[in-house]
Amino acid sequence: MQTNVSPLMTPKEVATYLRLSIATVYAKKCRGEFPKGSTVKLFGKLLFKRDKIEQLIEDSTEPSFEHF
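Quick caveat: nothing in here was measured; it's all calculated off a predicted structure.

Reading the values: rules and limits
- Residues numbered from 1 in each chain as written.
- Predicted model: local features only at pLDDT ≥ 70, side-chain atom pairs only at ≥ 80, totals over all residues.
- Heavy atoms only, no water.
- Core = buried A, V, L, I, M, F, W, Y, C linked by side-chain atoms within 4.5 Å.
- Buried < 20%, exposed > 50% of the residue type's maximum accessible area, 1.4 Å probe, protein only.
- Helix = DSSP H or I, 4+ residues; strand = E, 2+ residues; numbered from the N terminus.
- Contact = heavy atoms within 4.5 Å.
- Axes fitted to C-alpha atoms, helices over the stretch in contact; angles between N-to-C directions.
- Parallel < 35°, antiparallel > 145°, perpendicular 65-115°, else oblique.
- Nonpolar A, V, L, I, M, F, W, Y, C, P; charged D, E, K, R; others polar.
- Pairing = 2+ DSSP bridges.
- Salt bridge = Lys/Arg side-chain N within 4 Å of Asp/Glu carboxyl O.

(A) Expanded view of the nonpolar core. Ranked by size, the top nonpolar core spans eight residues in total: M9, V14, A15, V25, F34, L46, F48 and I53. For this core, the elements supplying multiple residues, two or more each, are α1 (11-18) and β3 (45-49). Non-local contacts of L46, meaning those with residues more than four positions away in its chain, are made with P11, Y26, K29, T39, V40 and K41.

Structure below.
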């Protein structure tokens, strides 16, 4: 487990994390498919806020159904 996790992720890191191609990450960003406030432009680089990406996953998780 990593202890020094940056609060910001590069598009490549987001692609790896979400198991998408980098092109798909950029396309989804251009189409506005990431949550509002999830990206920042810092020193000319596009970065994603880790907490927003994790929240996206949490919000997209389907409920589990237990079998009795």
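(B) A look at the packing of α1 against helix α2 (residues 22-30). Relative to each other, α1 and α2 sit at 105°, their axes nearing to 8 Å. Compared by their axis directions, α1 and α2 come out roughly perpendicular. From α1, P11, K12, V14 and A15 reach across to α2, where they touch I22, V25 and Y26. Taken together, the residues of the contact of α1 with α2 break down into six nonpolar, no polar and one charged.

(C) Geometry of the sheet that holds strand β2 (residues 39-42). With antiparallel pairing, three strands are arranged side by side in an open sheet as β1-β3-β2. Two strands lie at the open edges of the sheet, namely β1 (8-9) and β2, each paired on one side alone. Two elements, β1 and β3, share two bridges in a ladder whose sense is antiparallel. Bridge assignment links M9 to a residue of β3, and that residue is F48.

(D) Molecular detail of the pattern of salt bridges. Inspection of the entire model under this criterion finds two salt bridges. Here K28 ties to E33 by a salt bridge, and the two come within 2.9 Å at their closest N and O atoms. Overall, the relative accessible area of 23% leaves K28 in the partly exposed class. Of the residues examined, E33 reaches a relative accessible area of 38% and is grouped as partly exposed. Residue R31 pairs with E33 through a salt bridge whose shortest N-O separation is 2.6 Å. For R31, a relative accessible area of 53% puts it in the exposed group. Sharing partners across several salt bridges, the network here consists of K28, R31 and E33.

These figures come from the coordinates and say nothing about function on their own.
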